[in-house]
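Spelled out, the chains give:
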Amino acid sequence: MLKPPQYKDEFARVEREEAIQSWLEGRGVADAWKLAPLLADANLTDAQCESFAEAAGTSLGAELTRFATLLEMERIAAELENSTARISDLIKAIKEYSYMDQAPLQEVDIKSSLETTLIIMHHKLKRGILVTREYAPDLPKVMAYGSELNQVWTNLIDNAVDAMKEKGKLLVRTARENDYVLVEIADDGPGIPPEVQSRIFEPFLRRRAWAREPGSAWTWCTAS
């Protein structure tokens with residue numbers, strides 16, 4: 001049974017493709033450059049390739065082409081399945097994010113609100129951001145304007161991603177402090193430049209591409 005390859009980096013994957021291509025060319029297989037990436041993605045070992053060649057004999061090229069075609073069809077089917085599930089999740093998240101067909105002011109589940117925002121922001125986070133969640137158990141719901149609260153999380157996360165140049169660690173934490181729910185969104189970016197720290201709450205001051213000060217976090221509190 002073939003398992004997905006686990007290459008440590010892109011160079012390792014390219015090296016494997018080149019090795020398979022050389023193996024194919026050495027056996028006179030046409031279009032080796034087209035087949036090699038598909039076989040590498042299938043995680044075929046050298047032993048499996050040799051076993052395949054022994055079984056196929058003089059029909060190696062045709063059989064490998066057939067095999068690679070099946071692999072490509074399987075990959076496309078898996079991508080379609082994942083895409084369909086992803087689209088379904090995204091539509092659901094958008095409805096929850098905007099609180100469609102719901103009253104503006106209502107009881108909000110903070111954990112659910114944060115998770116919905118993370119789904120919406122997935123296109124940015126997937127590029128190299130490691131998200132760590134630390135949610136306190138049994139947080140009470142809070143009365144809030146849900147869609148506006150989600151916009152707060154979006155702005156904070158978006159700023160953090162920009163500050164980290166789309167690569168780093170993002171912490172999303174919740175806690176209960178007396179009659180308040182505390183939310184912290186922190187990143188390991190460079191921090192706000194000292195020369196503008198005293199002005200960060202001025203209207204219209206551009207804050208994109210700035211992160212928190214190291215060791216602290218942006219916070220949002222709301223009464224329970």
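The model shown is predicted, which means the values in this text are computed figures rather than measured ones.

Caption draft 1: Summary view of the overall build of the protein chain. Regarding its fold elements, the protein chain presents 7 helices and 6 strands. Counting from the amino terminus, the protein chain carries its helices and strands in the arrangement α-α-α-α-β-α-α-β-β-α-β-β-β. Contacts spanning at least 24 positions in sequence make up 71% of the contacts within the protein chain whose residues lie at least 6 apart. As presented, the protein chain carries roughly 14,200 Å² of accessible surface, and 54% of it is formed by carbon and sulfur atoms.

Caption draft 2: Main features of helix H5 (residues 110-120). Buried within H5 we find Ile 110, Ser 113, Leu 114, Thr 116, Thr 117 and Leu 118. Taking the backbone nitrogen of Lys 111 as reference, a side-chain oxygen 3.1 Å away marks Asp 109 as the first, capping residue of H5.

Caption draft 3: Local environment of helix H2 (residues 32-41). Ala 32, Leu 35, Ala 36, Leu 39 and Ala 40 are the residues of H2 that are buried. Take H2 and look down its axis: the buried residues cluster within an arc of 130 degrees, on one side only. The first or second residue beyond H2 is Asn 43, which carries a positive phi of 65 degrees.

Caption draft 4: Region of the structure containing unusual backbone geometry. Located in the positive-phi region is Asp 138, a residue other than glycine, with phi close to 55 degrees. By secondary structure assignment, the location of Asp 138 is in the loop between strand E2 (129-134) and strand E3 (142-145). One non-glycine residue, Asn 178, adopts positive backbone phi at about 55 degrees. With respect to the helices, strands and loops of the structure, Asn 178 is situated in the loop between strand E4 (168-177) and strand E5 (180-187). According to the relative accessible area criterion, Asn 178 is exposed, its value standing at 70%.

Caption draft 5: Up close: a nonpolar patch on the surface. Taken together, the side chains of Leu 105, Met 143 and Tyr 145 define a hydrophobic patch exposed on the protein surface, amounting to about 310 Å² of accessible area. Within the secondary structure, Leu 105 sits in strand E1 (residues 105-108). Judged by its relative accessible area of 42%, Leu 105 is partly exposed.

Caption draft 6: Structural context of the packing of H5 against helix H7 (residues 146-163). Put simply, H5 and H7 touch, their axes get as near as 9 Å, and they point 50 degrees apart. With respect to their mutual orientation, H5 and H7 come out oblique. Helix-helix and strand crossings are classified by hand; for H5 and H7 the assignment is right-handed. Within the contact between the two elements, H5 uses Ile 110, Ser 113, Leu 114, Thr 117 and Leu 118 and H7 uses Leu 149, Asn 150, Trp 153, Thr 154 and Ile 157. Residues belonging to the contact of H5 with H7 are distributed by class as follows: 6 nonpolar, 4 polar and no charged.

Caption draft 7: Structural view of the pattern of salt bridges. Counted by the stated rule, this structure contains 6 salt bridges. For Asp 46, the salt bridge identified is with Arg 16, shortest N-O distance 2.9 Å. Residue Asp 46 is located in helix H3 (residues 46-56), and its partner Arg 16 is located in helix H1 (residues 10-26); the two are separated by 30 residues in the primary sequence. According to the relative accessible area criterion, Asp 46 is exposed, its value standing at 53%. Ionic pairing is found between Asp 158 and Lys 124, a salt bridge with its closest N-O pair at 2.5 Å. You can see Asp 158 sitting in helix H7 and its partner Lys 124 sitting in helix H6 (residues 122-125), a full 34 residues away along the chain. Of the two residues, Asp 158 and Lys 124, neither departs from the other in class, the shared state being buried. A single network of salt bridges, built from pairs that share partners, joins Lys 124, Asp 158 and Asp 162.

Rules of the game
What you see as residue numbers is a count from 1 along each chain, following the sequence as written. A pLDDT threshold of at least 70 governs which residues receive local features in this predicted model, and a stricter bar of 80 or more applies before side-chain atom pairs are shown or counted, although totals over entire chains, interfaces and linings include all residues. Where side-chain values are given, they derive from all heavy atoms of the structure, hydrogens and water being excluded. Secondary structure is summarised from DSSP: a helix means a run of H or I of at least four residues, a strand means a run of E of at least two, and numbering begins at the N terminus for each. Two residues form a contact once any of their heavy atoms are found within 4.5 Å. Shrake-Rupley sampling with a 1.4 Å probe provides the accessible areas, and residues are treated as covered by the protein chains on show and by no other component. Throughout, exposure labels follow a simple rule: accessible area from a 1.4 Å probe, protein chains only, divided by the maximum for the residue type, with under 20% read as buried, over 50% as exposed, and the rest as partly exposed. In protein, a polar contact requires one atom able to donate a hydrogen and another able to accept it; more generally it is a pair of N or O atoms within 3.5 Å, and residues adjacent in sequence count only if both atoms are side-chain atoms. The directions considered for the arc are those from the helix axis to the C-beta atoms. Patch membership requires over 30% relative accessible area and the absence of a salt bridge. Like charges are linked within 9 Å, and nonpolar side chains (Val, Leu, Ile, Met, Phe, Trp, Tyr) within 5 Å. Throughout this description, the term salt bridge denotes a Lys or Arg side-chain nitrogen within 4 Å of a carboxyl oxygen of Asp or Glu. Here, axes are lines fitted to C-alpha atoms. For helices the fit covers the stretch in contact, and angles between N-to-C directions go from 0 to 180 degrees. Roughly parallel covers angles under 35 degrees, roughly antiparallel covers those over 145, roughly perpendicular covers 65 to 115, and oblique covers all other angles. By convention the crossing between two helices is left-handed if the near helix lies anticlockwise of the far one by an angle smaller than a right angle, and right-handed if it lies clockwise. Amino acid classes used here: Ala, Val, Leu, Ile, Met, Phe, Trp, Tyr, Cys and Pro are nonpolar; Asp, Glu, Lys and Arg are charged; the rest, including Gly, are polar.

These figures capture arrangement, not role.
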